[in-house]
Amino acid sequence: MPEQNPQVRAKNFLEVPLGYTPEMAVREASRCLQCKKPACVEGCPVGVKIPEFLKLLKDGDFAAAARKIKETNALPAVCGRVCPQESQCESRCILSKKSEPVAVGRCERFVADFERRVCAENPVDMAHLGGTAPSVPKNGKKIAVIGAGPAGLTVAGDMIQRGYGVTVFEAFHKPGGVLMYGIPEFRLPKTIVENEVQNLVKQGVVLELNQVIGKTISIDELLNNEGFDAIFVGVGAGLPMFLGVPGEDLNGIYSANEYLTRANLMKAYRFPEYDTPVAQGKHVCVIGGGNVAMDAARVARRLGAADPNGDANTVKIVYRRSREELPARQEEVHHAEEEGVELLLLTNPQEFLGDEAGRVRAMRCCKMALGEPDASGRRRPIPVPHSEFELETDCVIIAAGALANPLLTKNTEGLTLNKRDYVVADETTGRTSKPRVWAGGDIVTGAATVILAMGAGRAAAKDMHAWLDGGGQRGNEPW
Ligand code: FAD
Ligand code: SF4
């Protein structure tokens, strides 16, 4: 797939891959062998009918291909961009045994983008294409969704289609969850997420933004005073983890969560036009080796490159294991390195050092060696004696993982949490320990993927509907 040139794109926030042309998409779809037992479908968490949509794409019926995907995946333009296809459908494609698998994700993205373009140009075609579905008669029951990430938005879409009144409560001023505040614009343009949310609003979903449920109003008040028949909790895993080393509270040190939220959601890169500032470091260090670290590093690179003086910054990923153990997708590492991000491997920060004004000026690090595999199966990093050194830095971004978002769960009686503070919910139905409350996505599984969050939302919506439609109401819960 064509991409923006790395030198050019390191200075802008425009999308990196440019997408297939129709000819490329048809050619790629033609490689599919139309397997009788398609292993690719087994590798897809929501079971997209891959050979069927590829056949329609190959035949040039792009609209029908879009409809086919939407039978099982409500957000194909998102998933075509951010799903880890190399470990899902594409890893199972029969062709991967001898050569390259069919590029299922890129084909999905092409079809979804085609649908969006035609819908935008010709709204009357929307229902036909599966864009905005026709409105459904109301059944008089209403549900609340807490959290407007992929899990919550999927529940909202499925329940409005079944005739329920749906209100989505979101803590931020914009819906989309990590799709909006975490994944950068150059990987997932915000207009795509906004478009999907608008489709829901057009179908009648009510959005209540800037509402921190558990603080402004509780789940029990929603159920008992506000007349909601059932609730879905999809509040994600947005609590950042820190390293716990001295100096971590110096100015100029951010969690990746805060840094990306400022940059993506609050447009810090257009300060002072948008009034959220963020440090534009000259020597940025990102601690961690996952996808979130790569996203933060690539944003930092762009922010530094956008410096009015024109001098590019240095951005280093500081990771305590070796390249083989990097948890990030290879494609992300490749993109980051192409854009000039450096990898400082087998290195661990031990202390952050500040200047007189309380700003970070350096990091004291030590070199690491790899020992025997630990519980995660990866070789354990061990400090090398007497290897300490100082690394100059004026901006540090810590991408060391995320924990359950506690704002709602800690303030809700009767909701059982596991020992890591995630909500305990049935794997197939999403039912929690609290009557009339379902949950799904990262707040149940821990930080996972967009498609798994959507899959959990779909399963919960199905079960919620089965219960409410079967006469379920307060007092006769099967819990
Ligand atoms: P979230 O997306 O976290 O949404 C939860 C929503 O609930 C948020 O909008 C939050 O503001 C809101 N909320 C929280 N508390 C409350 C409250 N008390 N009241 C009201 N609202 C509340 N996955 C991939 O598949 N591919 C990727 O490329 C990828 N990249 C990622 C990059 C980053 C930087 C991050 C952080 C994650 C990435 N992920 C990726 C993971 C993926 O985004 C998540 O697994 C997914 O978004 C989880 O969806 P969710 O709906 O459970 O939660
Ligand atoms: Fe096509 Fe590969 Fe799926 Fe077979 S496994 S149906 S070749 S995409």
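Look a little higher up for the structure.
Each residue is numbered by its place in its chain's sequence as written, counting from 1. Following the order in which they are written, the chains are lettered starting with A and the ligands numbered starting with 1. Where totals are concerned, whole chains, interfaces and linings use all residues; where local detail is concerned, this predicted model gives features only for residues with pLDDT of at least 70, and gives and counts side-chain atom pairs only at 80 or more. Neither water nor hydrogens contribute to the side-chain values; these are computed over all heavy atoms in the structure.

Secondary structure counts use DSSP, requiring at least four H or I residues in a row for a helix and at least two E residues in a row for a strand, with both numbered from the N terminus. Mapped onto the secondary structure, Ala77 falls in helix H6 (residues 76-82). Given the relative accessible area of 1%, Ala77 is considered buried. When the C-alpha atoms of Ala77 and Val111 are compared, they prove to be 8.1 Å apart, with 34 residues separating the residues in sequence. Only protein chains enter the accessibility calculation, which uses a 1.4 Å probe; a residue whose area is less than 20% of its type maximum is buried, one above 50% is exposed, and one in between is partly exposed.

This paragraph deals with the sheet that holds strand S16 (residues 437-439). Between any two strands, at least two bridges found by DSSP are needed for them to pair. Spatially, S3-S2-S1-S4-S16 is the arrangement adopted by the 5 strands of the open sheet, whose pairing is parallel. For this open sheet the edge positions go to strand S3 (206-208) and S16, each flanked by a neighbour on one side alone. Along the sheet, successive strands turn relative to each other by an average axial angle of 20°, direction set aside. We call two residues contacting when some pair of their heavy atoms lies within 4.5 Å. Lines fitted to C-alpha atoms define the axes, with helix axes restricted to the stretch in contact, and inter-axis angles between N-to-C directions lie between 0 and 180 degrees. This element, helix H10 (residues 150-160), spans strand S1 (142-146), strand S2 (165-169) and strand S4 (230-233) of the sheet and lies at about 165° to S1.

This next bit is on the site of ligand 1. Ligand 1 sits among 33 residues. The nearest are Val82, Glu170, Arg187, Ile213 and Asp442. Here a polar contact means two N or O atoms within 3.5 Å. Within protein one must be a hydrogen donor candidate and the other an acceptor candidate, and residues neighboring in sequence count only if both atoms are side-chain atoms. At 2.6 Å from an oxygen atom of ligand 1 is found a side-chain nitrogen or oxygen belonging to Glu170. In this structure, a nitrogen atom belonging to ligand 1 sits 2.9 Å away from a main-chain N or O atom of Ile213. Each residue is assigned to one class: nonpolar for Ala, Val, Leu, Ile, Met, Phe, Trp, Tyr, Cys and Pro, charged for Asp, Glu, Lys and Arg, and polar for all the others, Gly among them. Considering only residue class, the shell around ligand 1 consists of 19 nonpolar, 10 polar and 4 charged. In these notes, residues near a molecule or strand are those with any non-hydrogen atom within 4 Å of it.

What follows deals with the site of ligand 2. The local shell around ligand 2 consists of Cys32, Leu33, Cys35, Pro38, Cys40, Pro51, Leu54, Cys93, Ile94 and Val102. Of the residues contributing to the shell around ligand 2, the split by class is 10 nonpolar, no polar and no charged.

A separate point is the sheet that holds strand S9 (residues 342-344). Read from one edge to the other, the open sheet built from 5 strands follows the order S6-S14-S7-S8-S9, with strand pairing classed as parallel. Here the strands that pair on one side only, and so sit at the sheet edges, are strand S6 (253-255) and S9. Averaged over all adjacent pairs, the angle separating strand axes in this sheet is 25°, with direction ignored. Judged from the 3 bridges that link them, strand S8 (residues 314-318) and S9 form a sheet pairing that is parallel. Considered in S9, the bridge of Ile317 is made with Leu343.

The values are spatial; any link to function lies outside them.
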